Amino acid sequence: MYLSTGAWNVAPTLQRFLTRNMYPSGTLLLTDWGPTHDRFFRSGQLHKQQNLRRLAKDFPDVQWLLVGDDGQHDESLYGEFAREHPENVAGVAIRQLSTSEAVLAGGRSRAQERSRDTSAPWVYAPDGAGLWSELARVGLAEADASDPA
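So, here is what we can say about the structure in this document. (Residues numbered from 1 in each chain as written. Predicted model: local features only at pLDDT ≥ 70, side-chain atom pairs only at ≥ 80, totals over all residues. Heavy atoms only, no water.)

### Observations concerning the sheet that holds strand S5 (residues 122-125)
And step 1. With parallel pairing, three strands are arranged side by side in an open sheet as S3-S4-S5. In this open sheet, the two edge strands, each paired with only one partner strand, are strand S3 (64-69) and S5. The average angle at which neighbouring strand axes cross in this sheet is 15°, direction not considered.
And step 2. Taken together, the four bridges between strand S4 (residues 89-95) and S5 define a ladder with parallel strand orientation. Counterpart to Ile94 in the pairing with S5 is Tyr124. (Pairing = 2+ DSSP bridges. Helix = DSSP H or I, 4+ residues; strand = E, 2+ residues; numbered from the N terminus. Axes fitted to C-alpha atoms, helices over the stretch in contact; angles between N-to-C directions.)

Shown next as structure tokens:
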């Protein structure tokens, strides 16, 4: 499942991106765009927080690999969820944003210490290949046969 703060109106574009880049197929859990009854913009944090809790309730026997970035909120949201539902978190993979990506995201969270607060392994890398290698290192993915390490 792909839980994103992206709006539903970008779902076709996101689906094409995932397919072209050979991501596994999965359900998109996106947000509505526009104002709510009490604010002009919807809270991406709240969207992710509520949906993570709903997933834990609806799928109590599933362990999730939570993948996000160090932009602003993923680390704190995933850390909170891992502490509340340790049985539902197999691990956390955080992509480290480049400097320009961090500027667009409003900064970095600087929260690599989160791994000390939860029992699930946390891995960090600047790209998907690095994350995969790190996940293999901690036993959450199979090592790539072409990887000499």
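### Observations concerning a nonpolar patch on the surface
And step 1. Where nonpolar side chains cluster on the molecular surface, the patch consists of Leu65, Val67 and Leu140 and spans about 230 Å² of accessible area.
And step 2. If you trace the backbone, Leu140 turns up in the segment after helix H5 (128-137). (Patch = residues over 30% accessible without salt bridge, like charges linked within 9 Å, V, L, I, M, F, W, Y side chains within 5 Å. Areas by Shrake-Rupley, 256 points an atom, 1.4 Å probe, with all protein chains shown as cover. Salt bridge = Lys/Arg side-chain N within 4 Å of Asp/Glu carboxyl O.)

### Re the nonpolar core
And step 1. Counting residues in each nonpolar core, the largest one holds 17 residues, and the members touching the most others are Leu66, Tyr78, Phe81, Val89 and Val92.
And step 2. Broken down by secondary-structure element, the contributors of at least two residues to this core are helix H2 (44-58), S3, helix H3 (74-84), S4 and S5.
And step 3. A total of four residues in this core trace back to one element, the largest contributor, which is H3.
And step 4. In this structure, Val89 is in contact with Gln63, Trp64, Leu66, Phe81, Ala82 and Ala120, ignoring residues within four places of it in sequence. (Core = buried A, V, L, I, M, F, W, Y, C linked by side-chain atoms within 4.5 Å. Buried < 20%, exposed > 50% of the residue type's maximum accessible area, 1.4 Å probe, protein only. Contact = heavy atoms within 4.5 Å.)

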